Amino acid sequence: MITIDRLTKRFDRRAVLDELTLSIDAGDRIALIGSNGAGKTTLFRCLLGHYGHGGSVGFEGTSGKRRDARALARIAFVPQLPPPLRMPVGELLTFAEKGAGASRARMDEIAGKLGIDLDEVRRRPFYRLSGGQKQKILVTVALGRDADLMIFDEPAANLDPAARAVFIDLLAERRDASMLIASHRLEEVAPLVNRVIELDRGRVVLDDNLRDRLRAGDFRQALIVLSAPHAPLTQALEGWGFRSDATGTRFSGPVPSAETFRFLGLLARYGSLIEQMTLEQVPERVF
Ligand SMILES: Nc1ncnc2c1ncn2[C@@H]1O[C@H](COP(=O)(O)OP(=O)(O)OP(=O)(O)O)[C@@H](O)[C@H]1O
């Protein structure tokens, strides 16, 4: 989907991204972690064509450094710092609808879940909203449209705990898009992702992929029984490769042993729904 080859970005001759090589595949849901200044935002800005850079970023169907406008239009982005837009919120929503193909009904629904009343803020200039309100509007716009890739840069940093929980559920429900989420709270986004990439001083120092672990064959077999069908948890479990029976309440699938705590973290979010759970070590194959 996106191939990044020896991407280098310098500010004042200092390499902030240093020959970074990475490929992002369709279906990847990536947590991008790394300490302050590691280069996460700079990587996003290079991907989005906001900065010139060395090396290449190739989008599927394009090559080299060229940014194809159609490829960029398929990316939804929520920045770490909301832009100081003077336009009223209503105008921003209309722009999202007409210019970026967002659905008004979907935006209304998402905003409602996040706890922001669009009618109430419609006439207010965007830059006068609180930090959390701005983030809710930007998340609403991003999730209100179809996208192949969603890039979130610390998207929940300003959200209150209730909105953070809703936001994580909304992401878990979105199985159609690949995601790249920069976060300092790995434990919060871990249940959503199938890949964790760590940057340090502009280089990839960890690339941990769930699919590789499953292929390696070291896993536990899990059985989960829910008290009632539940769409967000179903989608999250399907993201782990689980299958359900016809009732939509009984799930089974493999959990890589090294991912057990991450998996339990997911289940803990929905503890009250879980009626039964077993997690059995699969005996090692004897050759
Ligand atoms: N426009 C700029 N001009 C000069 N230096 C910059 C610029 N943007 C970023 N930097 C520097 O590049 C480095 C990487 O910054 P970046 O914002 O990409 O880090 P980050 O991993 O997103 O950090 P954080 O977790 O704090 O958000 C930092 O040292 C920062 O000071």
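Rules behind the numbers
Residues numbered from 1 in each chain as written. Predicted model: local features only at pLDDT ≥ 70, side-chain atom pairs only at ≥ 80, totals over all residues. Heavy atoms only, no water. UniProt positions renumbered as here; feature names shortened; annotations may be inferred. Pairing = 2+ DSSP bridges. Helix = DSSP H or I, 4+ residues; strand = E, 2+ residues; numbered from the N terminus. Axes fitted to C-alpha atoms, helices over the stretch in contact; angles between N-to-C directions. Contact = heavy atoms within 4.5 Å. Salt bridge = Lys/Arg side-chain N within 4 Å of Asp/Glu carboxyl O. Buried < 20%, exposed > 50% of the residue type's maximum accessible area, 1.4 Å probe, protein only. Core = buried A, V, L, I, M, F, W, Y, C linked by side-chain atoms within 4.5 Å. Domains from an automatic or database assignment.

The protein chain carries the name ABC transporter ATP-binding protein in an unreviewed UniProt entry, which gives Thalassobius vesicularis as its organism. What UniProt records for the protein chain under Sequence similarities (unreviewed entry) is the sentence "Belongs to the ABC transporter superfamily."

Chemist: Just to check I follow, could you spell out the sheet that holds strand 3 (residues 29-33) for this structure?
Modeler: The strands that make up a sheet pair up through hydrogen bonds in the backbone, lying either parallel or antiparallel. Strand order in this open sheet of six strands is 5-6-7-3-8-9, and the pairing throughout is mixed. Lying at the two open borders of the sheet, with one neighbouring strand each, are strand 5 (75-78) and strand 9 (203-209). The average angle at which neighbouring strand axes cross in this sheet is 15°, direction not considered. By the bridge criterion, four bridges tie strand 5 to strand 6 (residues 149-153) in an arrangement that is parallel. The partner of Val78 across the bridge, within strand 6, is Phe152. Across the face of the sheet, helix 1 (residues 40-47) comes into contact with strand 3, strand 5, strand 6, strand 7 (178-182) and strand 8 (195-200) while running at roughly 145° to strand 6.

Chemist: Sorry if this is basic, but what is going on with the pattern of salt bridges here?
Modeler: Tallied over the entire structure, the rule returns 14 salt bridges. Residue Lys113 pairs with Glu109 through a salt bridge whose shortest N-O separation is 3.3 Å. In this pair, Lys113 and Glu109 both sit in helix 4 (residues 104-114), four residues apart, roughly one turn of the helix. Owing to a relative accessible area of 37%, Lys113 belongs among the partly exposed residues under this scheme. Across the salt bridge formed by Arg269 and Asp169, the nearest N and O atoms sit 2.9 Å from each other. Note that Arg269 is positioned in helix 11 (residues 260-269) and Asp169 in helix 7 (residues 161-173), a separation of 100 residues in sequence. The partly exposed category is assigned to Asp169, whose relative accessible area is 21%. Each of Asp28, Arg195 and Asp207 takes part in one network of salt bridges that share partners.

Chemist: So what exactly am I meant to see when it comes to the nonpolar core here?
Modeler: Grouped burial of nonpolar side chains is what soluble globular proteins tend to show. With 57 residues, the main nonpolar core has Ile137, Phe152, Phe167, Phe242 and Phe263 as its most contacted residues. If you count residues domain by domain, this core takes at least three from each of domain 1 (2-210) and domain 2 (217-281). Not counting chain neighbours up to four residues away, the residues in contact with Ile137 comprise Val89, Leu92, Ile116, Leu118, Val121, Phe126 and Leu129. In this structure, Ile2, Leu7, Ile24 and Ile30 belong to the second largest nonpolar core, which totals 25 residues.

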